[in-house]
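So you can see what is in the structure, the chains are spelled out below.
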Amino acid sequence: MSAVMISRKVRKWEKLPGKNTFCCDGRVMMARQKGVFYLTLFLIIGTCALFFGFECPYLAVHLSAAIPVFAAVLFLFVMAMLLRTSFSDPGVLPRALPEEATFIEMEIEAANGNVPSGQRPPPRIRNIEINNQIVKLKYCYTCKIFRPPRASHCSICDNCVDRFDHHCPWVGNCVGKRNYRYFYLFTLSLSLLTIYIFTFDIVHVVMRSVEDGFLSALKETPGTVLELLVCFFTLWSVVGLTGFHTYLISLNQTTNEDIKGSWSGKNRVQNPYSHKNIFKNCCEVLCGPAYPSVLDRRGLMHEDSPVSASSAAPSSSSSSLSFSNNSKPAPPTTKTTAPLIPNEHTPDDAKASIGVSAEQSCSSEDLPPSFIPPLASPETDAEASVTKDNSH
């Protein structure tokens, strides 16, 4: 059975390799493992809901109405930075096309020469110079490209990410060149929100304890105990994470480079990306230009899909039939009110018209030449006259 190739337009995000998920027609890009991200949303929204429900009404009346207002602004900023980090492209690098991969393989083979069987081929690296220092570019066997400086392949998302920092399950995405600043602002604002809620929870309990006692205060606000426990355990991890990334930003260094010891190993190689100034390093990371995505996720591309010839045959035959009908239309048919074979009730003028029409029809090329209509024979006319005399 033969197949017919049909071309159709699809979005590029539908054919992108890797282990990412896309929503809203490619506008939202996340990792496939999103369970911890939903837990992050639940903890933030749930804790803030308890704070607005139990503490804010009392504190707004007895202390200041600005307390819930500032908490609401801080909460909205935290959610905006979280969603911006989770739903954006972290800086995924496109994989090489088959033609490009073949060309790179030919270049590598020409540079390394023929490797004898049984020997390990030399590592595929390229050396470039950055700030008077040699930096090695490593070859990615999955993406078939030489990765740019500071890029790395994420094993969870199965993509090379530019300026790869780490894969964060709490935000459900990689953290890289395009969303690192939003990730840092998220951790910083979440630390402030956690400290803010934890502080005013304690103030609320103390103020109620002065009036009604400690146990009565806890009974009147059962959500306060849960908030204190969540904030206490969250405070150490979130504040510690914010402090660690503040240290990395001041050195213009990534988490991946710090774990591998790229600039602090035995070789004592200096960081070529650092400006030797904390203020300049922070400005470059937090206030630098916004880099566009190189994936073009919502662009259009043509996809050839095979279709069996049996399913395409009816449509082709019907189209050819319609074409033949259009090229040679069928002659219109004419209905007659009088019968073709006259009887005793047929008038004389009708018989004459029937005979003429029969003769015309017999002369057409559609009928065989041996066909003789009965109205044209003399025997039929004689029988008709005898029948007419008998009726009179």
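Residues numbered from 1 in each chain as written. Predicted model: local features only at pLDDT ≥ 70, side-chain atom pairs only at ≥ 80, totals over all residues. Heavy atoms only, no water.

### Some thoughts on the overall build of the chain
Item 1. Assigned secondary structure in the chain consists of 11 helices and 11 strands.
Item 2. By residue count, 34% of the 392 residues in the chain fall in the buried class.
Item 3. Look at the contacts in the chain between residues 6 or more apart in sequence, and 64% of them connect residues 24 or more apart.
Item 4. Taken as a whole, the chain presents about 24,400 Å² of accessible surface, with 63% of it coming from carbon and sulfur. (Helix = DSSP H or I, 4+ residues; strand = E, 2+ residues; numbered from the N terminus. Buried < 20%, exposed > 50% of the residue type's maximum accessible area, 1.4 Å probe, protein only. Contact = heavy atoms within 4.5 Å. Areas by Shrake-Rupley, 256 points an atom, 1.4 Å probe, with all protein chains shown as cover.)

### Some words on the pattern of salt bridges
Item 1. Scanning all chains against the criterion turns up 3 salt bridges.
Item 2. With a closest N to O distance of 2.9 Å, Glu257 and Arg150 form a salt bridge. One end of the pair, Glu257, is in helix 7 (residues 255–260); the other, Arg150, is in the loop between strand 6 (145–146) and strand 7 (152–154), and 107 residues separate them in sequence. Each member of the pair, Glu257 as well as Arg150, is classed as buried.
Item 3. Two residues, Asp162 and Lys177, come together in a salt bridge whose shortest N-O distance is 3.4 Å. (Salt bridge = Lys/Arg side-chain N within 4 Å of Asp/Glu carboxyl O.)

### Points about the nonpolar core
Item 1. Counting 37 residues, the largest nonpolar core has Ile44, Phe51, Leu82 and Phe186 as the members making the most contacts within it.
Item 2. Ranked by residues supplied to this core, first place goes to helix 4 (residues 180–212) with 11 residues.
Item 3. What Phe186 contacts, discounting residues up to four positions off in sequence, is Thr40, Ile44, Val78, Met81, Leu82 and Val171. (Core = buried A, V, L, I, M, F, W, Y, C linked by side-chain atoms within 4.5 Å.)

### Quick look at the environment of Arg126
Item 1. Mapped onto the secondary structure, Arg126 falls in strand 4 (residues 125–129).
Item 2. Ignoring sequence-local partners within four residues, the contact set of Arg126 consists of Glu107, Val135, Lys136, Leu137 and Phe146.

### Brief notes about unusual backbone geometry
Item 1. Although it is not a glycine, Asp158 sits at a positive phi angle of roughly 60°.
Item 2. With respect to the secondary-structure elements, Asp158 resides in the loop between strand 7 and strand 8 (159–161).
Item 3. The partly exposed category is assigned to Asp158, whose relative accessible area is 21%.
Item 4. Look at Asn252: it is not a glycine, yet its phi comes out positive at around 55°.
Item 5. Topologically, Asn252 is positioned in the loop between helix 6 (222–251) and helix 7.

### Concerning the pairing of strand 3 (residues 28–31)
Item 1. The side-chain alternation of strand 3 yields two buried faces, one formed by Val28 and Met30 and the other by Met29 and Ala31.
Item 2. What sits between the antiparallel neighbours strand 2 (residues 20–23) and strand 3 is a turn of 4 residues, in which Cys24 has the positive phi angle 55°. (Pairing = 2+ DSSP bridges.)

### Section: the pairing of strand 5 (residues 134–140)
Item 1. Examined bridge by bridge, strand 4 and strand 5 share 5 bridges and lie antiparallel to one another. From the neighbouring strand, Arg126 faces strand 5, where its bridge partner is Leu137.
Item 2. Connecting the antiparallel pair strand 4 and strand 5 is a turn made up of 4 residues, with Asn131 showing a positive phi of about 55°.
Item 3. Of the pairings in the sheet, the one linking strand 5 to strand 6 comprises 2 bridges and is antiparallel in character. Across the sheet, Cys140 pairs through a bridge with Ile145, a residue of strand 6.
Item 4. Taking the residues between adjacent antiparallel strands as the criterion, strand 5 and strand 6 are bridged by 4 residues, where Lys144 takes a positive phi near 60°.

### Description of the packing of helix 1 (residues 35–62) against helix 2 (residues 66–86)
Item 1. At a minimum axis separation of 10 Å, helix 1 and helix 2 run at an interaxial angle of 170°. Classified by the interaxial angle, the pair formed by helix 1 and helix 2 is roughly antiparallel. Facing Phe37, Thr40, Leu41, Ile44, Ile45, Cys48, Phe51, Phe52, Cys56, Leu59 and Ala60 of helix 1, the residues of helix 2 in contact are Ile67, Pro68, Ala71, Ala72, Phe75, Val78, Met79, Leu82, Leu83 and Ser86.
Item 2. Within the contact of helix 1 with helix 2, the residues separate by chemical class into 19 nonpolar, 2 polar and no charged. (Axes fitted to C-alpha atoms, helices over the stretch in contact; angles between N-to-C directions. Parallel < 35°, antiparallel > 145°, perpendicular 65-115°, else oblique. Nonpolar A, V, L, I, M, F, W, Y, C, P; charged D, E, K, R; others polar.)

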